[in-house]
Amino acid sequence: MKEVQNMQKVQNMKPVNSSLQDLLGKDYADAVAAAAAFLTDLSLEEAQEIARESIEFMPEAYIRRMDGLLSQVGSQVVPELKGAHAGAPTDAFRKAANPKASPLGGLGYYRLGEDGKLYLITKSEHYHTPLGHNFPGYKLIGQAERLGITNATHNNTRGSITRLLERELVRTANGLAKADADALEQVLDSREPHVLNRVINLETGTLACEAAIKMMLARFYKLDDTFPDPQYKDRTPVFLVMADHDGGSQANYHGTTIVAQTMRGLWPGIREKLQGEIMQTCPVRINDFADFKAKFEQYNKPPYKVAGFLHEIVLMNYGGILLEPSYLQKAYALCHEHDTPVMCDEIQSCMWYPGMYLFREYGLNPDFVVIGKGFPGGQYPASRVITTAAMDTLNQFGALVTNGQEELAALAYLITMKFSEENADYIREMGTYYEEKLQGLAQRHGGLIEKVEGKGHLSTLFFRQPGKVTEFTAILNGSCIDISAQTYKAKCPPAALTKPPVIATPAMIDYFVHRMEEVLNRLNDPT
């Protein structure tokens, strides 16, 4: 009864309905319908009907279906795949592979594995699926394909959907209401510092981070000889990144290009040579502004210049540690005072908080916001850099990929954004509900769990012993519940990482926490 009462405290998801015409505008819908009537077997009337057909994004029957399957998690519900093959992976991928859990299908917060078992995706497929699998709203992508809307285009022919998305990203990143068209135009025309009004369309978070880093480096080095001498050509750029608890750089993660990897301590031979006059990386301690200020002052004078401060807000690659608002606000103020751009990497946190961006919850004004993963909902690889006029420092070929302007990927963004924007209150309440549930779990099992870290859906459990967190996650994984242990980073508390989708219901959260509690009881909590 207590759980039922708790469930009544959380409001239901807000119904969202939309047609392509509603989402993309009547003029565009009419033009696409006319094109479809010319290029396909559809009549004009049939094409217009497709463009106007309203899709319900999250029907009540869909929600009931999800909640009704919870008792079958871990059970074999269909025959396993026969004759499965290994593919042709590298040795590293082969070693890590778990083909039994590979998808045959999915529904909301479930994945159906090749072993025929039902899996609970409590890490949202490593942050790709905030709306779960086969989200009904994405049927609009199928409608677009029926009308012949093409996905591939070129940087010089960015489509109408991509251009609309760019405006929507600027609007939402600046916290503007959809109806406030005049305010949006003012933002788009602004050349004031720290006003986000430029968008670069890319494919992955790695490429988006790399683009932002290159735009910061362009203030020290010329892209080519057609560029004028940069402002800080006589200074060595120094990037500030988040330090691990050992003082090293393992807590930061901004992609897998060589430059970004050297920033977190990989490629030590290359890093050592870079750390001369080319560029340097300086780790700053987590939530320690005195350390930040001291290192900033050390490197913001000749022959150096602090080239940028790069950070996430929830360090999901370092135990899910949460950076404090006051720490970041003071760090931003210092950076802005001394002409140092800030890159807020929201690849992992975007879409899991009200308003879609956690930096807005913190009241921050970054010069670069990097997004991806959650926005296209796992439908397409599609990342974005949102930046300012002052940081618009490279030509077209300095920071792009030739297939970053995909129209259907942009449509996936717009669908995800519409649902999330209209369900901001639900996302906030469910994040709080989940966090409170974990806090109760930690209090009841204090002998095993040190604390809860993170924020909302992006929450982690810090265990007192590495062996216990490994055992904890292994038992849950064996029951087809997706959770992972992080025990290998320098002086990072042993952590169990979770990230339920934002469509998680109270019933799903209650089930997940109950299963965690069962495992904790098995681990013989001494308290």
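Computed from a prediction, not measured in an experiment: that's the story for all the values here.

Visitor: What am I meant to see in the sheet that holds strand β4 (residues 110-113) here?
Guide: Adjacent strands of a sheet pair through backbone hydrogen bonds, lying either parallel or antiparallel. If you trace the three strands from one edge of the open sheet to the other, you get β3-β4-β5, paired in antiparallel fashion. Each edge of the open sheet is held by one strand with a lone partner, namely β3 (103-107) and β5 (118-120). The mean inter-strand angle of the sheet, taken between neighbouring strand axes irrespective of direction, is 30 degrees. The pairing of β4 with β5 spans three bridges and is classified as antiparallel. By the bridge assignment, Arg111 is partnered in β5 with Tyr119.

Visitor: How should the state of the cysteines be read in this particular structure?
Guide: A covalent bond between the sulfur atoms of two cysteines is what we call a disulfide. Tallied over the full model, the rule gives zero disulfides. No disulfide involves Cys335; its sulfur sits 12 Å from the nearest other cysteine sulfur, which is in Cys282. Of the residues examined, Cys335 reaches a relative accessible area of 0% and is grouped as buried. Free of any disulfide, Cys344 has its nearest cysteine sulfur in Cys350, 10 Å distant.

Visitor: Would you mind showing me how to read the packing of helix α18 (residues 424-444) against helix α20 (residues 506-522) here?
Guide: Helix-helix packing is described using two parameters, namely the angle between the two axes and the distance between the axes. As a packed pair, α18 and α20 sit with axes 11 Å apart at the nearest point and diverge in direction by 15 degrees. Between α18 and α20, the angle falls in the class roughly parallel. Taken as a pair, α18 and α20 cross one another with a handedness that is right-handed. Packed against α18, whose contacting residues are Tyr426, Met430, Tyr433, Tyr434, Lys437, Leu438, Leu441 and Arg444, the element α20 presents Pro506, Ile509, Asp510, Phe512, Val513, Met516, Glu517 and Leu520 at the interface.

Visitor: Whenever I open this one, the environment of Tyr127 confuses me. Can you help?
Guide: The residue Tyr127 is located in helix α7 (residues 124-127) in this model. In the structure, Tyr127 is positioned 247 residues away from Gly374 in sequence and 6.3 Å away in space, judged by C-alpha atoms. If we skip the residues at most four places from it in the chain, Tyr127 touches Met316, Gln348, Trp352, Lys373, Gly374, Leu497 and Lys499. A polar side-chain atom of Tyr127 sits 3.5 Å from a polar atom in the side chain of Gln348.

Visitor: Could you clarify how one ought to interpret the pairing of strand β12 (residues 342-345) in this entry?
Guide: Regular strands place their side chains on alternate faces of the sheet. Here β12 shows two buried faces, one formed by Val342 and Cys344 and the other by Met343 and Asp345. Two elements, strand β9 (residues 304-311) and β12, share three bridges in a ladder whose sense is parallel. Pairing of Leu310 across the sheet is with Met343, part of β12. Across three bridges, the pairing between β12 and strand β13 (residues 368-371) is parallel.

Visitor: When you look at the environment of Gln439 in this model, what are you seeing that I'm missing?
Guide: Of note, Gln439 is situated in helix α18. The spacing of Gln439 and Ile200 is 239 residues in sequence and 40 Å in space, taken between C-alpha atoms.

Visitor: Help me understand the sheet that holds strand β8 (residues 280-284), please; the structure alone is not making it clear to me.
Guide: Taken in spatial order, the seven strands line up as β6-β14-β13-β12-β9-β7-β8 in an open sheet, and their pairing is mixed. On the outer flanks of this sheet lie β6 (196-202) and β8, each paired with one strand and no other. The sheet shows a mean angle of 20 degrees between the axes of neighbouring strands, direction not considered. Summarising the sheet, strand β7 (residues 236-242) and β9 pair through five bridges and their orientation is parallel. Bridge pairing in β9 places Thr236 opposite Tyr304. Running over the sheet, helix α14 (residues 289-299) touches β7, β8 and β9 and is turned about 160 degrees from β8.

So, how was this worked out
Residues numbered from 1 in each chain as written. Predicted model: local features only at pLDDT ≥ 70, side-chain atom pairs only at ≥ 80, totals over all residues. Heavy atoms only, no water. Pairing = 2+ DSSP bridges. Helix = DSSP H or I, 4+ residues; strand = E, 2+ residues; numbered from the N terminus. Axes fitted to C-alpha atoms, helices over the stretch in contact; angles between N-to-C directions. Disulfide = S-S within 2.5 Å. Buried < 20%, exposed > 50% of the residue type's maximum accessible area, 1.4 Å probe, protein only. Parallel < 35°, antiparallel > 145°, perpendicular 65-115°, else oblique. Left-handed = near helix turned anticlockwise from the far one by under 90°. Contact = heavy atoms within 4.5 Å. Polar contact = N/O pair within 3.5 Å; in protein donor to acceptor, adjacent residues only side chain to side chain.

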